[in-house]
Amino acid sequence: MIRAVRPLAALLAGAAMQFGFSPYALRPVAVAALALWLALLADGRRPFALSYAFGFGWFGIGSWWLAPTFHHYGHLPWPLAIAAQSLAGGVLALFPALLGWSAVRLAGGRRSALLLLIAPLTPIEEWLRGHLFTGLPWTGLGLLTLDTPWIGWGQIVGGLGLGIVPVMLAAAAAGLLHHTTRRTAAALLAAALLLTATAPAIGVPAAPALRVALIQPNIPQDVKWDRDWLVTTMRRLLGHSAQAADADLLVWPEAATPFFLSDAPGWRQALASAVTRWHTPLLFGGLKRTAHDGAANGAWLMRPGDAPPRFVGKHHLVPFGEYVPAWLPWLHTLVPEIGDFRPTHDRGVLAVDDRIRIGVLICYESIFADEMRRRIAGGADLLAVLTNDAWYGRSPAAWQHLEAARMRAVESERFVLRAANTGVSAIIAPDGAIRATTDWWRQATVTGTAVPIGRVTPYCRLGDAPLLAAALLMVVVTTWRFRSRTVASPA
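Keep in mind that what you see is a predicted model, and the values were worked out from it rather than measured.

Participant: Summarise the nonpolar core; cite the residues concerned and give the values.
Facilitator: In terms of nonpolar packing, the biggest core is built from 58 residues, with Met-17, Trp-37, Leu-38, Phe-54 and Ile-118 touching the most fellow members. Element by element, the count of residues in this core is highest for helix H2 (residues 27–41), at nine residues. Excluding its chain neighbours within four sequence positions, the residues that come into contact with Met-17 are Ala-30, Ala-33, Leu-34, Phe-54, Trp-58 and Leu-141. Residues Phe-368, Ala-397, Ala-404 and Ile-428 belong to the second largest nonpolar core, which totals 31 residues.

Participant: Can you lay out the environment of Asp-222 for me, pointing to particular residues and giving the numbers?
Facilitator: Note on placement: Asp-222 falls in the loop between strand S1 (210–216) and helix H11 (230–243). Given a relative accessible area of 62%, Asp-222 falls into the exposed group. Here the alpha-carbon distance between Asp-222 and Leu-301, two residues 79 residues apart in the chain, equals 27 Å.

Participant: Explain the sheet that holds strand S7 (residues 349–351) to me, using residue names and the numbers behind them.
Facilitator: In spatial order, the strands read S7-S8-S9-S10-S11-S12; together these six strands make up an open sheet with mixed pairing. Each of the sheet's edge strands pairs with one partner strand only, and the pair in question is S7 and strand S12 (434–437). Within the sheet, the average angular offset between the axes of one strand and its neighbour, ignoring direction, is 20 degrees. Note that strand S10 (residues 416–420) and strand S11 (residues 426–428) share three bridges and pair antiparallel. Within S11, the residue paired with Val-416 across the bridge is Ile-428. Set on the sheet, helix H13 (residues 369–377) makes contact with S7, strand S8 (357–362) and strand S9 (382–387); between it and S8 the angle comes to about 160 degrees. Lying over the sheet, helix H14 (residues 397–412) contacts S9, S10, S11 and S12, oriented at roughly 160 degrees with respect to S10.

Participant: So what's going on with the packing of helix H1 (residues 5–16) against helix H3 (residues 47–61)? Residues and values would help.
Facilitator: Close contact between H1 and H3 brings their axes to 7 Å; oriented N to C, the two are set at 35 degrees. Of the two possible hands of crossing, H1 and H3 adopt the one that is right-handed. Residues Arg-6, Pro-7, Ala-10, Leu-11, Ala-13, Gly-14 and Ala-15 of H1 lie in contact with H3, whose contacting residues are Leu-50, Ala-53, Phe-54, Phe-56, Gly-57, Trp-58 and Ile-61. For the contact of H1 with H3, the per-class residue count stands at eleven nonpolar, two polar and one charged.

Participant: Just give me the short version of helix H9 (residues 164–175), but keep the residues and values in it.
Facilitator: A rise of 1.5 Å per residue sets the reference length of H9, with its twelve residues, at 16 Å; its end C-alpha atoms lie 16 Å apart and thus fit the reference within 8%. Of all the twelve residues making up H9, ten are buried; the element is thus mostly covered by neighbouring parts of the structure. Among all positions in H9, only Ile-164, Val-165, Pro-166, Val-167, Met-168, Ala-170, Ala-171, Ala-172, Ala-174 and Gly-175 are buried.

Participant: How would you sum up the pattern of salt bridges? Please name residues and give values.
Facilitator: Applying the stated criterion across every chain, the model contains 16 salt bridges. Note that Arg-357 and Asp-381 form a salt bridge whose closest N and O atoms lie 3.3 Å from each other. With Arg-357 in strand S8 and Asp-381 in the loop between H13 and S9, the pair connects residues that are 24 residues apart, well separated along the chain. A relative accessible area of 31% places Arg-357 in the partly exposed class. Ionic pairing is found between Asp-370 and Arg-373, a salt bridge with its closest N-O pair at 3.6 Å. Here the residue Asp-370 and the residue Arg-373 both occupy positions in helix H13, the gap between them amounting to three residues, near one helical turn. When salt bridges with common partners are traced through the structure, they connect Glu-365, Glu-371, Arg-374 and Arg-375 into a single cluster.

About the cut-offs
- Residues numbered from 1 in each chain as written.
- Predicted model: local features only at pLDDT ≥ 70, side-chain atom pairs only at ≥ 80, totals over all residues.
- Heavy atoms only, no water.
- Core = buried A, V, L, I, M, F, W, Y, C linked by side-chain atoms within 4.5 Å.
- Buried < 20%, exposed > 50% of the residue type's maximum accessible area, 1.4 Å probe, protein only.
- Helix = DSSP H or I, 4+ residues; strand = E, 2+ residues; numbered from the N terminus.
- Contact = heavy atoms within 4.5 Å.
- Pairing = 2+ DSSP bridges.
- Axes fitted to C-alpha atoms, helices over the stretch in contact; angles between N-to-C directions.
- Left-handed = near helix turned anticlockwise from the far one by under 90°.
- Nonpolar A, V, L, I, M, F, W, Y, C, P; charged D, E, K, R; others polar.
- Expected span 1.5 Å × (residues − 1).
- Salt bridge = Lys/Arg side-chain N within 4 Å of Asp/Glu carboxyl O.

Coordinates in, geometry out; function isn't part of it.
Now the structure itself:
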């Protein structure tokens, strides 16, 4: 290829990755994009630059929706908003660049070695992306296995481990393009088929079922914190809840009540009276004052006749959204200036009664498997994701965020109650299937059933450590075998 064409092809392949995720969910497109990237890598030339172009297409172009968010809610001029989005994509592109460079270097010019190494190196790279620079595991490759026969492995290896499957398929496709790697391609396809045949089933118990109602009030982001909209917001929430009060649990989205409960005794009493009148517990997103004029974003639980309400807060805050790093004091958060948000250090679990313990994930937290595992370790037998995706407008981001919640359901074998301000609200089963949902950007109530589940999956018990150790071992063994063959072969 002409020198300039190869990076451009990698960039376009990376940009195509977004179509593998929701709302498009064209999984083969993502596999084909990965295959093209691997085919370009196979000749061993400029692997870092080539993989950086692929990563920038994936995270720079693919996250185009960040620029409007920075512009409309961060009040950045368009040039700065685009620059901030590009900077975020440029940082995240470093991880695929490191992956591609490492694979080529370890392969030592052997195409088959490259195709075999890329799969075990992938979870290591994705783990780094999920932890360094506060972590951003958005559109993880494991999400491509949702609604496929491989999804059952999620309860054992998690979304990180499931990401190996599309990479194996892509490596097999790339291997078929060259006569020296067709045997390797056949072996990779055979391994993928074996994983399909041996995938464990995910049990979905039927009873005893809990009737739940998720309220989607559809409050536009630009008026959410406007005092003139407060009465409208509360009327929507209370009105929809009254119509669904025969449920066993009502759930409102993140920051559903746009005020501090301690500063609004009238609204607090109105909520308590409504819960008592309905005879139904209410879980809702709200704010709590903390020391030194700070604030915690989290969830309140009100039970009939129960005082005071109970609170758990968000552990993993959004950088630049809920706090500004100390080394960038001149920036402003996207959230209105109601105080600096602080993480909390509670278990993140609220007990509705003796049989229902809800692990609460606030918005951004749902993309982190470790946050989910902490709730399960705290005794959660049901998960709730309270979110406000109005920030993303009508972009694919809200749907990509929903896919993360589906993966948390699979990893934990728990029902997930996802209440979103503008959508997508959904009741998600332990196998990742959506049991009930509604259209986004409309007022609606999602009703259905969920079952509290107490067993703990191998993934929730052990986390990513066994997978990462096995992946590292595979990298070492594969590298050693190919290099020993090279040394042993005649000159």
